[in-house]
Structures are given as structure tokens and as C-alpha cells.
Amino acid sequence: MSSTNPLLGAPIKRKEDLRILLGKGEYIGNIKLSNMHYGVFLRSPYAHALIKSIDVADAKKQKGVVDVITGEELQKRMPPMILEDFVPRLWLLNPEVKFNIPKYYPLALGKVRYFGEPLALVIAKDPYLATDALELIQVDYEPLPVIVDAEEALKEKAPKLYDHWDSNVEYYEKKNFGDPDKAFSNADYIFSEKFYTHRCGGSPMETRGCISSYDPISGLTVWITTQRPFQWRDAFSKILNLPPERIRVIAPNDIGGSFGTKASIYSEELVIAYAGLKIQKPVKWIESRTENLTTSTQAREESHYLQIALTKDGIITGLKDKIIANVGPGYGGVYLGMLMTWLGAYLIHNAYKIPNIGIEVICAVTNKGPLQPSRAFGSMPPRFALERLLDIAAKEMKMDRVELRLKNLIDNFPYTSPTGIFHDAGDYIGAFKKCVRILDYEKFKREQEELRKQGRYIGIGIVPAIEIGGLSSGLQVLLESIPTYGVAHIRIDWDGKVTVSVPDVSTGTGHETILSQIVAGEIGVKIDEVKVIKGDTALCPYGQGWYAQPARNASAAIIAARRIKEKLAKLAAHLMKIDAKMEDFTFSDGFVIYNKDKSKKMSIYELAKVAILDPTKLPNGMEPGLESIAYHDLKVPTLFSIDVHGVIAEVSPNTGKIKIHRYVVVDDSGKPINELLLKGQIQGGMSLGVSNALSEEFVYDENGILQNPTLMDYGFINIAEAPKIEIYEHHVPTPYTATGGKGKGEGLPMGVPAAIANAVEDALSPFSVRITELPLSPEKIWKVIHK
């Protein structure tokens, strides 16, 4: 669908920024209700233990304490956490998969399976009183053997997390696409290596939070820091046994970041909702940073036993990947810790034409914390593995790394991979060549030799990384039990002001600005004359929520706006007494202007007054009002774009410290909605990837206790440590959205570790090192050098 929207792509500053910079943001911490009560969770100090008894009697007697809720109570009031509606139905794609579904309650019952698992909720009139009461709860634990390593968990005699399972395998799938065995038997070269991606993730500035309030008239209202209000409403309905019309879920007007961590169906929010329902008074819970790092933000831990087959000319003919993921206890509705790994396996080909692929996916439960979705959903570990192995292959074959990739990049669109992944449009080769040219690759290689003579070790890494820019409902319903169609309701009031309602939430990505910009440009009003209502199940149409704007709600908003324009044009023509269609008018500066005679124009305010307040002046057959609801779903399974990462980095052999001299990213977003906001997404995503690659790691001891659950210990880079990101555009519009654009921001971190690791190994090539593990911390690099 083509668009002549004059504001599409314009670098407009965010509407949201003023209220946030003035301290007037509307975050969940700012919400105050009368007679508010507070919930604090008692959490397990053990990673694996039987709960022999819980005595809450003394805590209930504490001054100010209203109630204490335990798993035993919840078992009588609700079904287990993981209902069928919140399980990926992957057996519909491959009937031979093995899938053990964890059975657990929002508060631990009988056993704890990870350090920090919630056992009880104390509700008090003051959060400090609730915290004091925690110390009065007596729990009799019987410690059990702990397992933190996924490969150890797979051994026959390993302690089992779930007694009714025959092993610690939550999910298993083995599948061939094409004939990988034949490709390997006929290969001129075969390369193999084990690669490990550590446990890291993304921790938003604002942690999770929830407020529940119930009254018999209006029902249950829950404010929650979520990406998906409607999915939470459905979860509350099915688990708390309430009809959906008796539940209102509201995402606060502002949410301080998400990175995917606010997409799961978590335990704590269900308990808070139940608490508000039970005591019929508002109950509030704000997650502490330690709780956040322990339960909400861990991701990515996988080992890849990767093999590739090539011809002597460097054509990749086959790939085999055995993936072992450490998913913690497998908790978390919708994702269960394993869906990210599954998707990453199906995207293993990245941007390359690989005709024969074999995957083996093994998701093992352990006593580490739950694995949650995070930005670069499932794709950082396979990108690291494949791009590292390609550099290794090129070196062994004495072939240039750039040449090897150019021989294998997808060059014809649309393209469907053997694993069924649809690539809609793009110029992967052109984007890759642009990055090579910007870094002046050939000149760098010449200078590199001279620098080595001076005792400086500088290397270069250039890798492509595909990013999902949209999913069809057909695929998303299968994976996450919720449709991905976009939906927008637009209404013009009698004063000419515009209201847009969408199921989206604002997580800091500028949704209000984007939707206002699109609708204002279509209808011809000022951006400030467009109000966006979002994330409220009582006020907004049903939809998934936050994800891939151009493919979803932005496209729906354009469709709805054009329907209103058609009505405005028809009404204007009628009142002007001319024969004209929408194409004969220009919508600008709040007016509908007749192109053939610019003196003939009417303000949208005038037209709105007639349409809403004076329907007697409407043409025959025209209904009163100016509003439209529109939907947009992809007609293809997926949209993909590409980012090409180019890194020049220097390594000190004495300390192992890495210094990034240049970081270039060549980005394809289809057609940007707002170039300024797009660059912000790129900067943020790349910084997250750099932090994941260089310094972050969740560290557990042999007893399954997280050793660094604070910001002081965990290892995020700060703004001074983040490299400058040079951003270059290489956009190829997609024909499958109303804007021509694709979602951007989700996958940006995924290529970062591979690009840096390739630069590091190139820098250290005189030392004959091989980089196979993350993170790229100074200690690990030093050990590799001095091994």
C-alpha cells in the first residue's frame, strides 16, 4: 500500500519527552489509590529444596499485616500456572517433538526450584511493615541436590527437578531440512566447534510492578507494567475464573523500558491480582532490583555444537547444529524458557542461502533462575556461533572473510529458507558491501600489519544479522496464543481534534509520537492535535500490544485515517457543491482543500461540526460521526530486515582489555516512520549488545545461588563505556505494510557479540587464539591469550 504521508519518515522529537523530563511521567510508582495496601514476597534462600512446612501465624499477628498468602491457599483457588493457552503449540509444526510442561503454582508448593522463587506474600498497610513480617515466617526446608549446568542436567543420574518427568528435558526436537547428511558427505571442507553464550539479558530502568483493586460493581482492575495488557486480562480470566468483561487491565501511561522482559505471564502479578480480589482493597507491589535481576531478566544461555559443510569455492552446502539451552526451571507463561531457543534454531541460517540444515534442540531444566525473553529474542547465541565458525572456516581455507560471506548471502527476494523462514524484501549484499566500504576494509588490512610491528593488536569483524520486523497472526497464534494483527480506532470529535486508540503500551520507544505523526500526516492536522489512548483493555480494541509498529498498529492507523479522509472528502464535496473524490483534495494545516480551486476549502473543524452536531446537512446515505476502526495483518508469514555490524577493536595482550575504536552499523528498516526515533532504537539496542558481549554475566555458585543480584555487582556498561555507534541507512521498503516499514529495535543486539569476537580474534591472530565463549571479559581474553 503506497503512502504520500508528508510526515512519514520525518525526524520529529518525541511528544512524551516533555512530561518525562519535567518529572511528570505516569509510571506505576506514581499511581496512588485510597486505602492502598502493599505486598512483599518471601523468597527461597535455596535453589532446590523440599518445603516441609510453612508457618505464617506469627507474621499474621504482626501490627499492620492484613493477610499472608501461601501456595497451599492458591492451590485451592486456581489451576497451575501453565494452562494450555499459554504454551507454544510447536507439536503442530512437528508432531515428533517431546515437550514436558512444567506444573507449578504462582507461590511454591512442596518444592522450590530456584534461588529467589516466591513462597508467600505478606500484605500490610505499609511496605516496611510487610518486609518486617517476612522475618516472622517460619519455613522448614529440606535441601535437595542442586544442578546448574545444562549438560550435567541431561545425564541419566542427574537429580530431577520434576518428579513426574523421566528426565530434565523440557523440550526436544530434531529435524532435517533438505538433506544435510548428503551435503556433509559430499563436502570439500567440514568445520565444527562448540560455542557457548553466557547468561545475560536486559534490565529496564523501571522494574516490574502491579496494583490490583476489586469492587463488586466494577470488578477487578489491575495496573501492570506489561507489554501485553489483553494477554494478561485473558490470563487473569482463566486462572482466577473471572469473565473477561469483569477485568480491566491498564498499562501505565509510561513504562520505563521492557526489552522483552515484560512480556511473560509471571507468578507475582497473578498473586497480587488474587490478593486484591481476596481482601477487596488495593494491593501494590513494586519489584526490587534484586528481585528483577533474580527472576525477570536472565536470558540467552546456550551451547551450540555447530558444523558447516562447504565446497572448495566457499559455498555453504550444509549446516548442523545441536543446541543445549539452560532454561532454569522452565517457568514463565507463554515462553517457558524454551521458545527463544526454538526460534533461534529455525533462524540459524541468518542471512545466508544454506540449502540443507539439521537442527537438534535440547532445552534442559536446571536450578538457575527462569530464562525470560530479551531483546534479540533467541538469536544472539546462534548468530555468535555461526559468524564465529565462518571466520574460522575462512581462515582455515585461506579465503577472505568478506569474500566468503558475499558468496553465500541471500541475493534474491522474496526468499524462503529451508526452515520455512520468509524473507520479504531487502538488499543484504548491498548493505554488507556498504559496511565493508565505510570501514575501508582493504586499507585497514594493510595498516593492520604495520600496527602489529608497533606491538598493537587491532582487528576487524564484519557480520550480517537478520532481524524480525513482523509476524503474521498465523504464526504468532501458534507460538504465543495471541494474534499479531494491528488495530487502530480513530475518532475525530466535533472540535476537530483526533483521538487514536490502540492496544499498544509505551515502553520508551515513542509510540505516542509515531502514531500521532502518522495520523496527523494523513488527516492534515497538527501532531499536538492527536491524542493517543493505549494499553487499556476497557478503552482500546483487542490486540497483542507492543511489537513491530510498522507491520501492525501503524499500518492499521493509516488505513483507518484514510477511511476518515474519504468521508471528509465526500462531505466537503457535498457542502462545496462540487463533484470531487478524495484524490481531488489536499489535507493540510487543518483544512480540506480543493486542488482545482484553492479558494475552495473547509476546515476539519467545520466538517466535524456538521458530521457530529448537524447531521441534517449530511449527504443522503452518509451516517453521522467521523470514526473508523481498521485492522492490518501480514499476508506473508514474516518480515525481515538486516543490520550489518562492523567493528574495529584493539586488544591488550597484557590485560585482555578490549577497546572498540569504531562500531559501524548499516541498517535496513524498510521505510522509517521517524528517523530520529529509529536512530535512538539502534543506539540503545547496540549498547545493550555491547554490554551483553563485554561485561555482563549472571554468575551462580555450585549451590545455585546468584552471586551478583545488584547493579553494583552485575556489570552493565555505563554511558561512558559505550562506544560511539556510526549509523548508516540502506533501506529497502517492504510491499507488505502500509508504511513500507518494518519493526526495528528487537533484534539489534544479536549481531554485536559475533562482530566484536571476530574483531578480537582477528586482532589476536599472531597468538593463534580461538574465541568460542562469551562474555569477552578481560579475564577470559587474557586466559585465551596465555592458555
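Residues numbered from 1 in each chain as written. Predicted model: local features only at pLDDT ≥ 70, side-chain atom pairs only at ≥ 80, totals over all residues. Heavy atoms only, no water.

*Asks:* Got a sec to walk through the overall build of the protein? Specific residues and values, please.
*Replies:* On a plain count of helices and strands, the protein comes out with 22 helices and 31 strands. Here the C-alpha radius of gyration of the protein, 28 Å, is about what a compact globule of 787 residues would show, namely 28 Å. Taken over the C-alpha atoms alone, the protein extends approximately 85 × 75 × 50 Å along its principal axes. The proportion of buried residues among the 787 residues of the protein is 64%. (Helix = DSSP H or I, 4+ residues; strand = E, 2+ residues; numbered from the N terminus. Rg over C-alpha atoms; globule rule 2.2 N^0.38 Å. Buried < 20%, exposed > 50% of the residue type's maximum accessible area, 1.4 Å probe, protein only.)

*Asks:* Please provide a residue-by-residue account of the nonpolar core, values included.
*Replies:* In this structure, M338, I462, Y663 and I756 are the most contacted members of the largest nonpolar core, which totals 161 residues. For this core, the leading source of residues is helix α11 (residues 380–397), giving 9 residues. Mapped onto the domain boundaries, this core takes at least three residues apiece from domain 1 (35–144 + 206–256 + 262–296) and domain 2 (302–474 + 635–785). Those residues in contact with Y663 that sit more than four places away from it in its chain are H645, G646, V647, M686, V690, K724, I725, E726, G751, V752, A755 and I756. Counting 45 residues, the second-largest nonpolar core is a separate cluster that includes I492, V498, V532 and I564. (Core = buried A, V, L, I, M, F, W, Y, C linked by side-chain atoms within 4.5 Å. Domains from an automatic or database assignment. Contact = heavy atoms within 4.5 Å.)

*Asks:* Run through the sheet that holds strand β4 (residues 98–99), naming residues and quoting values.
*Replies:* As summarised here, the arrangement of the 6 strands in space is β4-β8-β18-β17-β16-β9, forming an open sheet in which the pairing is mixed. Looking at strand neighbours, the two that pair on one side only are β4 and β9 (189–197), the edges of this open sheet. Alignment of strand β17 (residues 316–326) against strand β18 (residues 357–364), held across 8 bridges, turns out to be parallel. Along β18, the bridge assignment pairs K322 with E360. (Pairing = 2+ DSSP bridges.)

*Asks:* How would you sum up the sheet that holds strand β23 (residues 498–502)? Please name residues and give values.
*Replies:* Taken in spatial order, the 4 strands line up as β24-β23-β22-β28 in an open sheet, and their pairing is mixed. Either end of the sheet is taken by a strand with one partner, and the two such strands are β24 (530–534) and β28 (627–632). On average, adjacent strands in this sheet sit at an angle of 20° to one another, irrespective of strand direction. Helix α16 (residues 511–523) contacts β22 (486–492), β23 and β24 of the sheet and is inclined by roughly 135° relative to β24. (Axes fitted to C-alpha atoms, helices over the stretch in contact; angles between N-to-C directions.)

*Asks:* Describe in detail the pairing of strand β25 (residues 585–588), supporting the description with residues and values.
*Replies:* Consecutive residues of a regular strand have side chains that alternate between opposite faces of the sheet. In β25, alternate side chains face the same way, and those of F585 and F587 are buried while those of T586 and S588 on the opposite face are not. Here β25 runs beside strand β26 (residues 591–594); their pairing, made up of 4 bridges, is antiparallel. Across the sheet, F587 pairs through a bridge with V592, a residue of β26.

*Asks:* Break down helix α7 (residues 229–240) for me, citing the residues and quoting the values.
*Replies:* Owing to its 3.6 residues per turn, the α-helix aligns residues three or four sequence positions apart on the same side. When the terminal C-alpha atoms of α7 are compared, their 16 Å separation across 12 residues agrees well with the 16 Å that a helix rising 1.5 Å per residue should span. Most of α7 sits inside the fold, with 11 of its 12 residues counted as buried. Residues of α7 that are buried: P229, F230, Q231, W232, R233, D234, A235, F236, S237, I239 and L240. Elements in contact with the buried residues of α7: α3 (71–77), β12 (219–224), β13 (247–250), α8 (267–279) and α15 (473–480). (Expected span 1.5 Å × (residues − 1).)

*Asks:* Could you give an account of the state of the cysteines, with specific residues and numbers?
*Replies:* Tallied over the entire structure, the rule returns 0 disulfides. Sulfur of C200: no disulfide; nearest cysteine sulfur belongs to C363 and is 17 Å away. For C200, a relative accessible area of 0% corresponds to the buried category. (Disulfide = S-S within 2.5 Å.)

*Asks:* So what's going on with unusual backbone geometry? Which residues, and what values?
*Replies:* For the peptide bond that leads from F413 to P414, omega is -5°, which places it in the cis range. Topologically, P414 is positioned in the loop between α12 (401–408) and β19 (415–416). Between L774 and P775 the backbone carries a cis peptide bond, its omega angle lying at 5°. On the secondary structure map, P775 appears in the loop between α21 (752–763) and α22 (778–785). A positive phi angle is found at N350, which is not glycine, with a value near 55°. As for its position among the elements, N350 is in the loop between α10 (339–346) and β18. Owing to a relative accessible area of 0%, N350 belongs among the buried residues under this scheme. The backbone of D589 shows a phi angle near 55°, a positive value even though the residue is not glycine. With respect to the helices and strands, D589 occurs in the loop between β25 and β26. The exposed category is assigned to D589, whose relative accessible area is 70%.

*Asks:* Tell me what's going on with the side chain of S669, and back it up with residues and numbers.
*Replies:* Within the secondary structure, S669 sits in the loop between β30 (658–667) and α19 (675–694). A distance of 2.6 Å separates a polar atom in the side chain of S669 from a polar atom in the side chain of D667. (Polar contact = N/O pair within 3.5 Å; in protein donor to acceptor, adjacent residues only side chain to side chain.)

*Asks:* Tell me about the pattern of salt bridges, residues and numbers included.
*Replies:* All chains considered together, the criterion is met by 50 salt bridges. The salt bridge involving R208 is made with E287; its shortest N-O contact spans 3.0 Å. Placement of R208 in the loop between β10 (200–201) and β11 (209–215) and of E287 in the loop between β14 (283–286) and α9 (289–295) is noted, with a sequence separation of 79 residues between them. Looking at R208, the relative accessible area reads 2%, which means it is buried. (Salt bridge = Lys/Arg side-chain N within 4 Å of Asp/Glu carboxyl O.)

*Asks:* A description of the packing of α11 against α21 should follow, citing residues and the corresponding values.
*Replies:* The geometry of α11 relative to α21 is characterised by a closest axis approach of 8 Å and an angle of 30° between their N-to-C directions. In terms of orientation, α11 lies roughly parallel with respect to α21. Remark: the crossing between α11 and α21 carries right-handed chirality. Judged by residue contacts, M380, R383, F384, E387, R388, D391 and I392 of α11 engage P753, A754, A757, N758 and E761 from α21. Classifying every residue of the contact of α11 with α21 gives 6 nonpolar, 1 polar and 5 charged. (Parallel < 35°, antiparallel > 145°, perpendicular 65-115°, else oblique. Left-handed = near helix turned anticlockwise from the far one by under 90°. Nonpolar A, V, L, I, M, F, W, Y, C, P; charged D, E, K, R; others polar.)

*Asks:* Go over the domain arrangement of the protein, please, and point to the residues and values.
*Replies:* Assigned domains of the protein: these are domain 1 (35–144 + 206–256 + 262–296), domain 2 (302–474 + 635–785) and domain 3 (485–632). Summarising the inter-unit geometry, the C-alpha centres of domain 2 and domain 3 are found 41 Å apart. Taking both sides of the interface into account, the surface hidden between domain 2 and domain 3 amounts to around 1,300 Å²; carbon and sulfur atoms contribute 66%. It is I673, L677 and A738 in domain 2 that bury the most area against domain 3; as a group they hold 39% of the surface buried on that side. For the interface between domain 2 and domain 3, the tally reads 0 salt bridges. At the boundary of domain 2 and domain 3, one finds 5 residue pairs in polar contact (both at pLDDT 80 or more). Broken down by secondary-structure element, the contributors of at least two residues to the side of domain 2 that touches domain 3 are β21 (457–471) and α19. In terms of residue count, β21 provides more of the side of domain 2 that touches domain 3 than any other element does, 4 residues in total. Across the side of domain 2 that touches domain 3, the residue classes break down as 7 nonpolar, 9 polar and 1 charged. (Buried area = accessible area lost by both parts, 1.4 Å probe.)

*Asks:* Lay out the packing of α19 against α21 in plain terms, naming residues and giving numbers.
*Replies:* A packed helix pair is summarised by two numbers, namely the angle formed by the two axes and the spacing between the axes. Direction vectors running N to C along α19 and α21 enclose 55°, while the axes themselves pass 8 Å from each other. As summarised for this structure, α19 and α21 are arranged oblique, according to the angle between their axes. For α19 against α21, the interelement crossing comes out right-handed. For the pair formed by α19 and α21, the contact residues are M686, G689, V690, A693 and L694 on the first element and V752, P753 and I756 on the second. Grouping the amino acids of the contact of α19 with α21 by side-chain chemistry returns 7 nonpolar, 1 polar and no charged.

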